[in-house]
Amino acid sequence: TTDNEQPRVILVTGASSGIGEATARHLAAEGHHVVLTARRTDRLDAIVADIEQAGHSAEARALDVTDRTAFQALVEDVVTTRGRLDVLVGNAGVMLLSRLDVLLVEEWDRMFEVNVRGLYNGIAAVLPHFQRQRSGHVITMASTGAHEVPPTSAIYSATKYAAWALTEGLRIESDPAIRVTTISPGVTQSELADHITDAHAAGFMVDYRRSAIPADAIARAVGFAIAQPADIDVSEIIVRPTAQR
Ligand code: NDP
């Protein structure tokens, strides 16, 4: 077997629903060991039970990505218990859409806390280990909102442009033995829009999200990037509904 066919140890953030859950299930089915993390551990336990029942390998661990110390401790623990960590899928995110003039500034803070700080907390936790190991793969979940700014999406898109820039910066600076990928999903079935509090933005989303594609479509893109030979770095994949405008 070549390097790319070996089972990896993969940590997925935000694995309790939507894209993270689908990604964890897909990667476990491909034969990797998946460490599922999120705050809702009851959800994670149920998903891991399913994965194990299907004969695959996974574990559930509580993690709030905004807690940098906890992130670092978890990565160290995975490296100690599993002997390695090969891939970080930085997927956890929130999308609290609203027009700027509604001034939901606490929601702006929350999006930056989770989508940007939570992402670089993960990079800070894995990077020293990937450098020591002289291999590793950081995969981040940006968005088509990292390429365009639809109305109500100014702050959310700002966090996703930031995620995109952070990922590209990591690629440019890293040891070539470390791979870096951004996945930019379009409208995808998940719980993402359920947390929007602004009535105008929530109402707009009902129509906008009708064309949403299954989360497994994004999971397959993650799997594709991981499965490439070690000398091939998939920098970005944009996956969106054919009907998305
Ligand atoms: P979901 O709401 O279904 O999933 C979000 C995940 O993030 C949950 O597992 C949630 O777990 C986790 N999460 C939220 N806050 C935290 C936190 N502080 N610490 C740890 N985990 C957290 O939405 P999606 O699956 O759609 O979202 C996944 C990613 O995909 C996000 O980054 C999103 O921006 C991105 N994306 C989604 C698109 C879509 O249309 N669905 C389009 C483009 C990008 P828990 O609450 O248990 O902690």
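Our subject is the structure that appears above.
Structure report, in brief. (Residues numbered from 1 in each chain as written. Predicted model: local features only at pLDDT ≥ 70, side-chain atom pairs only at ≥ 80, totals over all residues.)

**Overview of the packing of helix H3 (residues 68-82) against helix H4 (residues 105-133)**
At a closest axis distance of 9 Å, the pairing of H3 and H4 adopts a crossing angle of 35°. Considering only the axes of H3 and H4, their crossing is right-handed. Contacts between H3 and H4 pair Arg68, Phe71, Gln72, Val75 and Val79 from the former with Asn121, Gly122, Ala124, Ala125, Val126 and His129 from the latter. Among the residues forming the contact of H3 with H4, the class breakdown is six nonpolar, four polar and one charged. (Axes fitted to C-alpha atoms, helices over the stretch in contact; angles between N-to-C directions. Helix = DSSP H or I, 4+ residues; strand = E, 2+ residues; numbered from the N terminus. Left-handed = near helix turned anticlockwise from the far one by under 90°. Contact = placed C-beta atoms within 7 Å. Nonpolar A, V, L, I, M, F, W, Y, C, P; charged D, E, K, R; others polar.)

**Here's the deal with helix H7 (residues 216-227)**
Between the first and last C-alpha of H7 there are 16 Å, a value that for twelve residues agrees with the 16 Å anticipated at 1.5 Å per step. Along H7, the residues classified as buried are Ile218, Ala219, Ala221, Val222, Ala225 and Ile226. One side of H7 carries all its buried residues, which in axial view fall inside an arc of 155°. Each element contacted by the buried residues of H7 is listed here: helix H1 (18-29), strand E4 (87-90), strand E5 (136-141), strand E6 (178-185) and strand E7 (236-239). (Expected span 1.5 Å × (residues − 1). Buried ≥ 20, exposed ≤ 12 C-beta atoms within 10 Å, placed from the backbone. Arc of directions from axis to C-beta.)

**Some thoughts on the site of the ligand**
Taken together, 30 residues are adjacent to the ligand, and Gly14, Gly18, Arg39, Gly93 and Ser190 come closest. The greatest single-element share of the shell around the ligand, amounting to three residues, is contributed by H1. Considered class by class, the residues forming the shell around the ligand number 13 nonpolar, 13 polar and four charged. (Near = placed C-beta within 6 Å.)

**As for H1**
With twelve residues, H1 ought to run about 16 Å at 1.5 Å a step, and its terminal C-alpha atoms sit 17 Å apart, in line with that. Counting buried positions along H1 gives ten out of twelve residues, so the element sits mostly inside the fold. Of all the residues in H1, the buried ones are Gly18, Ile19, Gly20, Glu21, Ala22, Thr23, Ala24, Arg25, Leu27 and Ala28. Taken from the residues just after H1, Gly31 is the one with a positive phi, measuring 105°.

**Points about the nonpolar core**
Ranked by size, the top nonpolar core spans 63 residues in total, and within it Ala24, Val34, Leu36, Val126 and Val222 carry the most contacts. For this core, the element with the highest residue contribution is H4, accounting for eight residues. Excluding anything up to four places from it in sequence, Val34 contacts Ile10, Val12, Ala24, Leu27, Ala28 and Ala58. (Core = buried A, V, L, I, M, F, W, Y, C linked by C-beta atoms within 7 Å.)

**Digging into the pairing of E5**
Where burial is concerned, most of E5 is hidden: six out of the six residues are buried. Of the two faces of E5, the one lined by Gly136, Val138 and Thr140 and the one lined by His137, Ile139 and Met141 are each fully buried. The sheet contact formed by E4 and E5 spans four bridges and is parallel. Bridge assignment links Val89 to a residue of E5, and that residue is Ile139. Note on the crossover from E4 through H4 to E5: the handedness is right-handed. Both E5 and E6 contribute to a ladder of six bridges, which runs parallel. Residue Val138 lies in a different strand from E6, and its bridge partner there is Val180. A crossover links E5 with its parallel partner E6, the connecting element being helix H5 (residues 154-173), and its sense is right-handed. (Pairing = 2+ DSSP bridges. Right-handed = clockwise from strand over helix to strand, strands pointing away.)

**Focus: the environment of Met205**
Considering the arrangement of structural elements, one finds Met205 in helix H6 (residues 199-208). Its 19 C-beta neighbours within 10 Å are what place Met205 among the partly exposed residues. Residues Met205 and Ala193, spaced twelve residues apart in sequence, show a C-alpha to C-alpha distance of 7.3 Å. If sequence neighbours within four positions are ignored, Met205 has contacts with Leu97, Ala193 and Ile196.

**A closer look at the sheet that holds E5**
Across the sheet, which stays open at both edges, the seven strands sit in the order E3-E2-E1-E4-E5-E6-E7 with parallel pairing between neighbours. Of all the strands in the sheet, the pair left with one neighbour each is strand E3 (57-62) and E7. Geometrically, the sheet is characterised by an average inter-axis angle of 15° between neighbouring strands, direction not taken into account. Here H5 sits on the sheet in contact with E5 and E6, set at roughly 160° to E6.

Any functional reading would require information beyond the geometric quantities listed.
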